[in-house]
Amino acid sequence: MNPSVAALRTTFGSAIGRALDVRGDTIVYVQRERLPEVMRWLRDAPGHEYHYLVDVTAVEYRDRERQLEVVYFLRALHRQADLRVKVELDPAGDLTVDSIVSLWAGADWLEREVYDMFGITFRGHPDLRRILMWETYNEGYPLRKDFPLRGRFSRSEQVRQALNISPEANYSMEELSIADASDDLPADMRERLRKGERGRVQESE
Amino acid sequence: MSKRTVELELATPGLDAQGAPTRVPLALAPEAEPDLGGEHLLVNLGPQHPATHGVLRLVVELDGETVVRVIPHIGYLHSGFEKLGEYRHYNQIIPLTDRTDYLSPMANNVGVAMAAEKLMGIEITPRCTVLRVIACEMSRIISHMVWLGTTSIDLGAFTPFLWAFQERERIYNLQEMWTGARLTTSVTRVGGMMADIPDGFVEQLREFTRTYPKTLDEIDHVLTRNAVWAGRTQGVGVLTREAAINLSLSGPMLRASGVAYDLRKDKPYLGYETYDFDVPVGEHGDVYDRYLVRLEECYQSNRILAQAVERLPAGPINVDDPRVILPPKSRAMSDMEAMIYHFKQVMEGVKAPVGEAYVGIENPKGELGNYFVSDGTAKPVRWRIRPPSFINLASIARMAEGRLLSDLIAINASVDIVMGEIDR
């Protein structure tokens, strides 16, 4: 068992849940509300110094009773120590965790991917948008267990949506506001953007 | 539309009032040039731009030639491999990994097999260990060769591209000998290998390790002290040591910034601690150092290959456990017990105990992690790939902003991305 777990317990008390030793790796569960301060402590506390964030991901179990987990892989490069921190979320409840981008810049895209694939919101993330799926994707969150393997829509419906999508869906409003590029757009497109109808699928007749 | 007569004030050819010859203007008098001062430009690079190495799309805000902002868009090649993995047996996942980082398929096969073996608690045989080292190092060489070739093309040098791809072709021939496929190798199985190396493989590999450094020397000769190459790469895309760690970079990107961290040395697997090789580390963290690190890694991989080929032990390639390894077809057809094992493995798959396992290996692009969570069935609950080039690419905005547009191409090339892995 990684000695950081005992140190965590003395520092944070009840915020630290159970700790497991699975095949030589230490896993420690942390209360969702205390996550940012626990992570900050793990990164900065002398003798622990997990400076390197290996990965952020989430796990949903097939067992409906089990909680959804957000998993953080931490590593102290200089002493080859790994620690896996987990936060449990109720899949039926509020899927929100505090973002750790302010601690590790590398968490930016990783958290976006978890948001994209699982629908978990990271509070305080500077730019929480879908990353692998397109921004107007509206079938849900692909890696959730209630998402069917072949997607929710039929192939023909997916093709129809792809063909009918308005061209401005390829640029975000923020990107179009660069320079005065938006002045060069056709009037109808500018009108749709102004009304916030970005990427809306037009009904086929 | 009504016909419009355009009145052009063209001077007739001939002589003017003073008797001097007049000339017909070749074009209309130019309009006053619009004032472009201070206006930013939106440039869309990709998703089909040759310098983006795949279907990467960058929306770039330019002030003149200076990059103000880079907004990367990825996902054009998203295939849902992680989702597919949840519906497959552990051995059936291996073909999916060929298609993630398709420039180093064998190393991906090794990574996923090692994670499944850690989950199931399987110890592989000595011969299999050395074969996997050969697979990983061959992958590193071909991946770095593609990187070198495409990057040199991006920066205007065509010749190294041809040399690099010729060497890659030789490794591809070896891969074809071994697995029957050049790209989609699927060379590992949980607990062993798909096949042993064929006759003549060792001799060809030995020949390769003998002649390969000559090509590297030539590339080194052409590029390393080339003024254009150095000018385009030195001081470009600098990331400090602290920034590289904070951005979770791995592989040559991390080492070029001066962090001596290589999983083969620091968390040895497959017996890497018994091989004699060095880990090159840069000091400036710029594109040039990334080039130097990758070039030196090719020499070191060649050293490892030369050692591995000499020490290759005899013996079985698969563990002696009929629950994980398929019996030979001849026995499955004649022996009742072998047939039952064959049937159970094909129909039900290999069951993994409840739990989870993460294995990170040093892939050519960085730390490739495979994370399996099992609930005791033959299919994982979750298969997560830690994609090294996805995480490395996330730093592109920080490296390119404030630089010239032409530097953005060099920086993007230096990340060594492969979209199959980024989009998965």
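Every chain's residues receive numbers from 1 upward, in the order its sequence appears when written. Chains carry letters from A onward and ligands carry numbers from 1 onward, assigned in written order. Thresholds applied to this predicted model are a pLDDT of at least 70 for local features of residues and 80 or more for the giving and counting of side-chain atom pairs; totals over whole chains, interfaces and linings are not thresholded and use all residues. As a rule here, side-chain values come from all non-hydrogen atoms in the structure, and water together with hydrogens is ignored.

1. Points about the interface of chain A and chain B
Phase 1 of the analysis: Taken together, the contact between chain A and chain B spans 54 residues of the former and 58 residues of the latter.
Phase 2 of the analysis: Both sides of the chain A and chain B interface together cover about 4,700 Å² of buried area, and 54% of this is carbon and sulfur.
Phase 3 of the analysis: Salt bridge criterion: a side-chain nitrogen from Lys or Arg within 4 Å of a carboxyl oxygen from Asp or Glu. Taken together, chain A and chain B are joined by 10 salt bridges.
Phase 4 of the analysis: In this structure, the salt-bridge partner of Glu356(B) is Lys86(A), at a minimum N-O distance of 2.5 Å.
Phase 5 of the analysis: At the level of secondary structure, the elements contributing two or more residues to the side of chain A that touches chain B comprise strand 2 (25-30), strand 3 (52-59), strand 4 (68-76), strand 5 (81-89), helix 3 (107-118) and helix 5 (173-176) of chain A.
Phase 6 of the analysis: Three categories are distinguished: nonpolar for Ala, Val, Leu, Ile, Met, Phe, Trp, Tyr, Cys and Pro, charged for Asp, Glu, Lys and Arg, and polar for the others, with Gly belonging to the last. Among the residues forming the side of chain A that touches chain B, the class breakdown is 31 nonpolar, 5 polar and 18 charged. Two residues qualify as a contact provided that any one of their heavy atoms is within 4.5 Å of a heavy atom in the partner residue. Accessible area, probed at 1.4 Å, shrinks when two parts are joined; the buried area is that loss added up over both. Each helix corresponds to a stretch of at least 4 residues labelled H or I by DSSP, and each strand to a stretch of at least 2 residues labelled E; elements are numbered beginning at the N terminus.

2. Examining the confidence of the model for chain A
Phase 1 of the analysis: pLDDT expresses, on a scale from 0 to 100, how confident the predictor is about each individual residue. Considering every residue of chain A, the mean pLDDT works out to 83; 82% of them sit at 70 or more.
Phase 2 of the analysis: Confidence, read as mean pLDDT per element, is least for helix 6 (residues 187-194) of chain A in chain A (67) and greatest for strand 3 of chain A (93).

3. Points about the sheet that holds strand 9 (residues 366-374) of chain B
All names here are of chain B.
Phase 1 of the analysis: Strand order in the open sheet formed by 3 strands is 8-9-10, with antiparallel pairing between adjacent strands. A single partner strand is all that each edge strand has here, and the edge strands are strand 8 (355-363) and strand 10 (382-386). On average, each strand axis in the sheet is tilted by 10 degrees relative to the strand beside it, whichever way the strands run.
Phase 2 of the analysis: Two strands are counted as paired when DSSP detects at least two bridges linking them. Pairing between strand 8 and strand 9: 9 bridges, direction antiparallel. Bridge pairing in strand 9 places Ile361 opposite Leu368. Angular values range over 0 to 180 degrees, each being the angle between N-to-C directions of two axes fitted as lines to C-alpha atoms, with helices fitted over their stretch in contact.

4. Examining helix 1 (residues 4-12) of chain A
Residue and element names in this part refer to chain A.
Phase 1 of the analysis: For the exposure calls, accessible area comes from a 1.4 Å probe over protein chains only, and a residue counts as buried if that area is under 20% of its type's maximum, exposed if over 50%, partly exposed in between. When we look at burial in helix 1, the residues that qualify are Ser4, Val5, Ala7, Leu8 and Phe12. One side of helix 1 holds all its buried residues, which, seen down the axis, span an arc of 160 degrees.
Phase 2 of the analysis: Looking at the buried side of helix 1, the elements it contacts are strand 1 (16-22), strand 2, helix 2 (35-44) and strand 5. For this quantity, the arc is that covered by the directions from the helix axis to the C-beta atoms.

5. Topic: the domain arrangement of chain A
Residues and elements named next belong to chain A.
Phase 1 of the analysis: Either an automatic procedure or a domain database provided the assignment from which the domain bounds are taken. According to the domain assignment, chain A contains domain 1 (1-132) and domain 2 (133-198).
Phase 2 of the analysis: Carbon and sulfur atoms make up 51% of the area that domain 1 and domain 2 hide from each other, which totals about 1,300 Å².
Phase 3 of the analysis: Broken down residue by residue, the surface that domain 1 buries against domain 2 is led by Glu60, Met117 and Arg130, which jointly contribute 48%.
Phase 4 of the analysis: Counting every contact that joins domain 1 to domain 2 gives 1 salt bridge.
Phase 5 of the analysis: Measuring nitrogen to oxygen at the nearest pair gives 3.1 Å for the salt bridge that ties Glu60 to Arg144.
Phase 6 of the analysis: Counted as a polar contact is a pair of N or O atoms within 3.5 Å, where, for protein atoms, one must be capable of donating a hydrogen and the other of accepting one, and residues adjacent in sequence contribute only when both atoms are in side chains. For the pair domain 1 and domain 2, the interface holds 6 residue pairs in polar contact (both at pLDDT 80 or more).
Phase 7 of the analysis: Ranked by residue count, the leading element in the side of domain 1 that touches domain 2 is helix 3, at 4 residues.
Phase 8 of the analysis: Partitioned by chemical class, the residues of the side of domain 1 that touches domain 2 number 9 nonpolar, 1 polar and 6 charged.

6. Thoughts on the nonpolar core
Phase 1 of the analysis: The definition of a nonpolar core used throughout is a set of buried Ala, Val, Leu, Ile, Met, Phe, Trp, Tyr and Cys residues joined through side-chain atoms within 4.5 Å. Grouped together as the largest cluster of nonpolar side chains are 172 residues, with contacts concentrated most on Met39(A), Tyr72(A), Val85(A), Ile120(A), Ile74(B), Met138(B) and Trp178(B).
Phase 2 of the analysis: With 13 residues, helix 4 (residues 126-154) of chain B is the single largest residue contributor to this core.
Phase 3 of the analysis: Taken domain by domain, this core gets at least three of its residues from each of domain 1 (1-132) and domain 2 (133-198) of chain A.
Phase 4 of the analysis: Once residues within four sequence positions are removed from consideration, Ile120(A) is found in contact with Ala58(A), Leu68(A), Val70(A), Leu89(A), Leu95(A), Val97(A), Val114(A) and Tyr115(A).

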